[in-house]
Amino acid sequence: MDENKNFIEEPIKSIYVSTLFRDQKENLKLELIAGEEGLKLRKLVTPDINRPGLALAGFTQEFPKERIQILGSTEISYLKTLSATQRKNAINNVVSFTPPCLIIANELTPPEGLVALANKYKVPVFKSALETTQLIHMLTTYLDYKLAPETYLHGDLVDVYGVGLLLVGESGIGKSECALDLVERGHRLVADDLIKVLKRSEVVIIGFSAAKSPKLKHHIEIRGVGIVDIYALYGIRAIRMQKRIEVQVELVRYTKDLDYERVGIEDKYTEILGVKIPLVQIPVIPGKNLALVCEVIAKNYLLKILGYSPAKSFNEELVRLMTQKNIEEAKIDPWIDYDIE
Amino acid sequence: MIQEKIIIKNEVGLHARPAAQFVKIAEKYQSKVRLCKNGVWVNGKSVLGILTLAAEHGSEVILEVSGPDELEAFNELKKILEAE
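Residues numbered from 1 in each chain as written. Chains lettered and ligands numbered in written order. Predicted model: local features only at pLDDT ≥ 70, side-chain atom pairs only at ≥ 80, totals over all residues. Heavy atoms only, no water.

Across the boundary between the two partners, chain A contributes 15 residues, which contact 20 residues of chain B. Around 1,600 Å² of area is buried between chain A and chain B when both sides are counted, 60% of it from carbon and sulfur atoms. If you look at where chain A meets chain B, you find two salt bridges. Applying the counting rule to chain A against chain B returns four residue pairs in polar contact (both at pLDDT 80 or more). Of the residues that constitute the side of chain A that touches chain B, the class distribution is eight nonpolar, two polar and five charged. (Contact = heavy atoms within 4.5 Å. Buried area = accessible area lost by both parts, 1.4 Å probe. Salt bridge = Lys/Arg side-chain N within 4 Å of Asp/Glu carboxyl O. Polar contact = N/O pair within 3.5 Å; in protein donor to acceptor, adjacent residues only side chain to side chain. Nonpolar A, V, L, I, M, F, W, Y, C, P; charged D, E, K, R; others polar.)

See the structure below:
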């Protein structure tokens with residue numbers, strides 16, 4: 001099967017420096033001191049940052065010009081030791097690469113000549129009241145979040161016993177009805193139909209509703225009825241804003257040749273944004289209670305996290321029995337002597 | 001109806017993997033499939049039923065297939081039971 005068939009798009013992410021300034025002005029205690037023209041010109045494409053010490057000293061090979069350049073006390077003190085001309089050259093080494101922006105940490109005084117050069121090259125320069133390490137840490141966290149790879153999926157995302165189940169399957173197979181049934185059973189809906197997925201780390205993907213306004217979230221389309229509002233129908237306990245996607249449940253139209261799992265020893269996986277997650281394929285047969293099956297999938301997943309795989313344990317015990325001698329004579333039901341009805 | 005005694009040749013017996021394979025094949029056919037060990041008959045299309053037999057290496061089971069496609073079904077299922 002095509003594992004990525006429910007993917008819609010995967011845009012390359014970047015944000016303007018003006019967005020960083022707008023979002024993090026208070027948090028990072030930023031003050032714009034030069035290069036205002038560059039705010040809507042320069043883009044951030046990576047969460048990595050750079051300390052431009054080597055470039056200031058004249059070594060500009062492989063200079064990471066796409067990164068935010070952080071000037072801490074080391075860089076500022078070094079620039080102070082230079083003559084006016086040397087300092088101008090040193091700053092020019094960095095600024096002429098037109099990095100997205102420069103941030104001076106620790107509320108240090110900007111070196112002489114920086115403002116003029118930054119304005120010339122239209123490179124925004126900020127001053128931050130934060131200590132260098134803290135600034136870098138908070139900045140990276142923010143950029144990691146803003147620049148995280150994202151994609152959009154079709155399906156339903158429901159929190160079932162704390163496990164994020166992503167229901168996928170062809171149109172009209174009953175994903176939304178299954179989600180509604182799960183909500184009825186006390187579980188929480190994250191999103192129906194279009195789900196935005198964000199990669200938060202190499203192993204974590206978070207899903208949430210792609211709806212642009214909170215009032216548009218948590219609606220489900222039920223065929224024959226139309227759009228229903230889950231929050232209005234079931235209240236606050238029935239909704240969730242975001243959830244880590246932990247298991248993909250694929251509803252598959254049942255056919256005679258469909259190869260579905262009978263034992264559960266071999267785990268299947270799929271990938272979303274490069275993150276491997278377990279895949280469970282459920283054949284949809286009339287009269288089958290899908291929500292009940294989803295609950296079992298979630299609980300089985302929780303057991304597996306704790307290291308207990310029911311199917312594997314079952315098989316191990318079976319193999320142990322079958323490989324011991326005189327299997328028929330073995331007393332395998334010791335309890336039955338004490339439980340005569 | 002075809003009925004035949006078969007000796008299990010799998011090293012550890014009829015465990016989960018071969019049983020799952022057996023059930024998948026059995027389900028392809030319309031015929032009714034049954035397995036018997038020591039007088040206990042189970043449905044050949046139920047994996048848990050087959051596993052409950054705990055048919056170890058060297059044990060004897062009876063494979064019974066009856067229905068319109070019994071011959072093909074029987075031959076295919078017999079191969080799985082006799083696989084090493």
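That shown, we press on.
Here we take up the sheet that holds strand 11 (residues 205-209) of chain A. Residue and element names in this part refer to chain A. As summarised here, the arrangement of the eight strands in space is 14-11-10-8-9-15-17-16, forming an open sheet in which the pairing is mixed. Each edge of the open sheet carries a strand with a single partner, namely strand 14 (242-244) and strand 16 (268-272). Within this sheet the neighbouring strands show an average axis-to-axis angle of 40°, counted without direction. One ladder, built from five bridges, connects strand 10 (residues 188-199) with strand 11; its direction is antiparallel. Directly across from Ile195, in strand 11, lies its bridge partner Ser209. Helix 9 (residues 290-305) rests against strand 8 (150-160), strand 9 (163-169), strand 15 (247-253) and strand 17 (275-284) of the sheet, and its axis sits at about 135° to strand 9. (Pairing = 2+ DSSP bridges. Helix = DSSP H or I, 4+ residues; strand = E, 2+ residues; numbered from the N terminus. Axes fitted to C-alpha atoms, helices over the stretch in contact; angles between N-to-C directions.)

Attention shifts here to the pairing of strand 5 (residues 68-71) of chain A. All names here are of chain A. Both faces of strand 5 are covered, namely the face carrying Ile68 and Ile70 and the face carrying Gln69 and Leu71. Here strand 5 runs beside strand 6 (residues 102-104); their pairing, made up of three bridges, is parallel. Looking at the pairing, Leu71 lines up with Ile104 of strand 6. (Buried < 20%, exposed > 50% of the residue type's maximum accessible area, 1.4 Å probe, protein only.)

Residue and element names in this part refer to chain A. Residue-level pLDDT values for chain A average 90, and 91% of them are 70 or greater. Across chain A, element-level confidence peaks in strand 9 with a mean pLDDT of 97 and bottoms out in helix 10 (residues 310-323) with 88. Between residues 1-10, whose pLDDT stays under 50, and residues either more than four places distant or in other chains, the model counts 28 contacts. (pLDDT = per-residue confidence, 0-100.)

With that settled, consider the sheet that holds strand 2 (residues 30-34) of chain A. All names here are of chain A. Spatially, the five strands line up as an open sheet ordered 2-7-6-5-4, and their pairing is mixed. Strands at the two margins of the open sheet, each flanked by one partner only, are strand 2 and strand 4 (49-50). In terms of strand pairing, strand 2 meets strand 7 (residues 125-128) through four bridges, oriented antiparallel. The partner of Glu31 across the bridge, within strand 7, is Lys127. Contacting strand 4, strand 5, strand 6 and strand 7, helix 6 (residues 132-146) runs over the sheet at an angle of about 165° to strand 5.

What follows covers the environment of Thr74 of chain A. Residue and element names in this part refer to chain A. With respect to the secondary-structure elements, Thr74 resides in helix 3 (residues 73-80). Its relative accessible area of 56% is what places Thr74 among the exposed residues. Taking C-alpha positions, Thr74 is 9.4 Å from Arg51, a pair spaced 23 residues apart along the chain.

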